[in-house]
Amino acid sequence: MERHEAIIIGGGLNGLTAAAYLAQAGVDVLLLDRNEKLGVVEQGVEISPGFHTPRFTLGVNRLPARTIFDLELPKFGLRLVRVDGGVSLSGDGRYHASYSDGLVYRRELARLSPRDADAWTRFRRDMLRANHALDRALTHVMHDVSRPTLTALRELLGGADRLASKSIEDLHDLVRLWAQPCATFLDSYFESDLLKAHLASRALAGSTLGPLAPSSARFLMNLFRAEQGAASGGAPATILTLGGPDALANAFAAAIRSNGGGIRTEAEVTDILLKDGKAQGVVLANGEEILARTVLSDLDLKRSFLTLFAWKDLPKGFVERVGQFRLRGVTAKINMALDALPCFPAVPNDCPSVKGGISLVQTMDELERSFDDWRHAMPPRTPLVEMLIPSMVDRSLAPPGKHVMSVALHYVPERLHDGDWTSTRKQELTTRALAAIAAHSPGLADRIVAMETLVPPDIESETGLTAGDFEQGETTLDQLFVNRPMPGLSGYETPIRNFYLCSASAHPGALEVGGAGAGAARRVVEALGKRKGRAS
């Protein structure tokens with residue numbers, strides 16, 4: 001019977017990250033994925049002959065630089081390009097362009113408000129400081145502090161020491177960011193409604209909070225995650241992967257195999273082999289059994305326990321606790337093949353920021369209405385729209401002179417209050433989104449060669465993400481850090497010995513792409529007594 005030191009279930013970005021770190025540390029690891037290709041969420045689609053676009057995501061690369069460096073992904077074919085951070089279009093016909101160059105961006109800000117041009121330096125500094133303070137929490141190996149162990153005690157004391165070392169002013173700023181509504185926080189820096197709409201719309205896109213909700217300000221610092229160490233002084237850049245939507249997963253696969261790791265696709269895991277309460281391996285859909293010393297799941301919390309185990313084998317009350325973990329779909333996707341580059345008359349010709357994406361931003365009141373629609377399970381009356389035309393940067397994605405456009409619609413509920421997402425309801429959503437885009441890009445409908453719309457149930461059906469939740473669990477404060485995914489289960493280990501959670505349902509969730517996979521890999525390396533290499 002086939003046997004390995006570690007088996008990973010699922011080839012999403014966290015599963016790939018975990019497999020790559022384990023293989024690099026000398027662990028005999030096998031990654032199993034039910035799909036034909038790895039990285040299903042990041043996969044592309046040929047929407048029409050010659051037109052390739054990311055199918056489920058917008059197509060922006062958010063993988064941390066440390067992971068790319070640790071795993072030497074450029075050595076395995078990963079090519080990235082950094083472009084200006086995009087353009088925001090408002091309903092009154094104005095635009096705001098983001099530039100990475102600090103001097104250029106200051107001129108752009110001064111066009112809106114000279115006062116805001118000065119305030120930007122302070123805001124950017126505060127966001128970078130907040131990210132620096134967050135870094136250790138995102139990158140260290142999380143241990144379950146609810147368990148009475150020496151490691152848990154050190155974790156608690158270390159956190160207390162770090163807080164005690166901060167000045168009163170730093171603590172005040174930290175609490176303000178993590179507690180205040182996004183609208184209130186931005187009002188303390190800026191006066192331009194367009195600039196505040198630009199920042200709030202981009203920060204809250206894909207979240208389950210509105211701009212008036214307490215603690216929604218913290219999403220602003222996510223905009224600056226890729227800016228750590230950048231000294232330009234400008235707006236956050238957009239990072240894109242060259243070579244098509246599958247290029248990132250292909251680089252991971254090459255890194256895993258180069259270090260002796262194994263990968264099997266079209267290998268769906270249906271059950272976990274148990275003996276004396278310990279995970280011993282997995283059972284595939286074809287009945288094949290594969291043994292392993294440890295098993296890691298890149299599935300979300302609910303799928304990891306409610307579909308892979310007989311509920312009677314789980315601790316008393318655990319099934320109910322897993323059922324209380326909140327997974328909420330919030331994003332729909334439209335993919336388009338276009339016979340020409342769309343025109344946005346409000347934006348100056350040859351504005352380089354367009355390559356970083358186009359957002360139809362909303363005021364705070366409009367964002368709150370969109371959030372209310374989602375909260376009441378209604379189709380958004382005014383969807384929050386993000387667009388990316390990746391073929392402007394990577395010409396391999398479309399035939400000469402033609403383009404693809406990737407469109408994300410936010411605050412779209414996974415279920416409607418009055419029924420399911422029927423084909424008619426999907427068409428109504430598509431029509432509403434196209435009308436919103438056409439108001440800024442006349443003639444868009446005439447340029448469409450092919451198009452598809454995916455709502456959260458479609459995304460769940462095709463990717464296995466419960467509720468179509470890309471974050472694999474809401475990132476509200478009660479489901480973060482030591483509470484992720486729940487109190488008493490915050491350190492990758494689970495109540496089933498030798499069974500680990502490495503998906504975004506575990507710490508740090510969506511706060512750090514691939515972070516859960518990296519953290520779980522480090523714990524498994526420790527448990528197996530292997531050399532740590534860069535996984536440490």
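Quantities reported herein were computed from a predicted structural model and do not represent experimental measurements. (Residues numbered from 1 in each chain as written. Predicted model: local features only at pLDDT ≥ 70, side-chain atom pairs only at ≥ 80, totals over all residues. Heavy atoms only, no water.)

(A) Representation of the pattern of salt bridges. For the coordinates displayed, the defined rule picks out 31 salt bridges. Here R264 and E2 are joined by a salt bridge, their closest N and O atoms 3.3 Å apart. Placement of R264 in strand β9 (residues 262-264) and of E2 in the segment before β1 (3-9) is noted, with a sequence separation of 262 residues between them. A network of salt bridges, in which partner residues are shared, links R66, D135, R225 and E512. (Salt bridge = Lys/Arg side-chain N within 4 Å of Asp/Glu carboxyl O. Helix = DSSP H or I, 4+ residues; strand = E, 2+ residues; numbered from the N terminus.)

(B) Summary view of the packing of aromatic side chains. Within the structure shown, the criterion is met by 16 aromatic pairs. Measuring from ring centre to ring centre gives 5.6 Å for F305 and F309, while their planes differ by 20°; the resulting arrangement is stacked. When its relative accessible area of 0% is taken as the criterion, F305 is described as buried. We classify F309 as buried; its relative accessible area is 6%. A connected cluster of aromatic rings, assembled from ring pairs, spans Y105, W120, F123, F185, Y189, F190 and F224. Across from the ring centre of Y95, 4.3 Å away, lies the NZ or CZ of R111, which sits over that ring. Across from the ring centre of Y21, 5.8 Å away, lies the NZ or CZ of R522, which sits over that ring. (Phe/Tyr/Trp six-rings, centres within 6.5 Å; stacked < 30°, edge-to-face > 60°. Buried < 20%, exposed > 50% of the residue type's maximum accessible area, 1.4 Å probe, protein only. Lys NZ or Arg CZ within 6 Å of the ring centre and 35° of its normal.)

(C) Main features of the sheet that holds strand β6 (residues 86-89). Across the sheet, which stays open at both edges, the seven strands sit in the order β7-β6-β14-β15-β16-β13-β17 with mixed pairing between neighbours. Both edges of this open sheet fall to β7 (95-98) and β17 (448-454), since each of them pairs with a single strand only. In this sheet, adjacent strand axes meet at a mean angle of 15° when their direction is disregarded. (Pairing = 2+ DSSP bridges. Axes fitted to C-alpha atoms, helices over the stretch in contact; angles between N-to-C directions.)

(D) Here's a closer look at helix α16 (residues 515-528). Between its first and last C-alpha atoms α16 spans 20 Å; for 14 residues at 1.5 Å apiece the expected length is 20 Å, and the two agree. Among the 14 residues in α16, twelve count as buried, and that is most of the element. For α16, the set of buried residues is G515, A516, G517, A518, G519, A520, A521, R522, R523, V524, V525 and L528. G529 sits one or two residues past α16 and shows a positive phi near 70°. (Expected span 1.5 Å × (residues − 1).)

(E) Spatial organisation of the pairing of strand β13 (residues 331-338). Buried residues dominate β13, accounting for eight of its eight residues. The alternating pattern of β13 places T331, K333, N335 and A337 and A332, I334, M336 and L338 on opposite faces, both of which are buried. Across eight bridges, β13 lies against strand β16 (residues 403-410) in antiparallel orientation. Counted as the bridge partner of I334 is V407 from β16. Relative to β17, β13 is paired through six bridges, and the arrangement is antiparallel.

(F) Fine view of the environment of L31. As for its placement among the helices and strands, L31 is situated in strand β2 (residues 29-32). For L31, a relative accessible area of 0% translates into the label buried. Contacts of L31, omitting those with residues within four sequence positions, involve I8, G10, G11, G15, L16, A19, L38, G262, I263 and R264. (Contact = heavy atoms within 4.5 Å.)

(G) Structural detail: the packing of helix α3 (residues 102-112) against helix α8 (residues 193-204). Remark: α3 packs on α8, axes separated minimally by 8 Å, with the N-to-C direction vectors making an angle of 125°. Here α3 lies oblique to α8, going by the angle between them. Taking contact as the criterion, the partners of Y105, L109 and L112 in α3 are, on α8, L194, L195 and H198. Split into classes, the residues belonging to the contact of α3 with α8 amount to five nonpolar, one polar and no charged. (Parallel < 35°, antiparallel > 145°, perpendicular 65-115°, else oblique. Nonpolar A, V, L, I, M, F, W, Y, C, P; charged D, E, K, R; others polar.)

(H) Broad picture of the state of the cysteines. Applying the stated criterion across every chain yields a total of zero disulfides. For C351, which is in no disulfide, the shortest distance to another cysteine sulfur is to C343 and amounts to 13 Å. You can call C351 buried: its relative accessible area is 9%. (Disulfide = S-S within 2.5 Å.)

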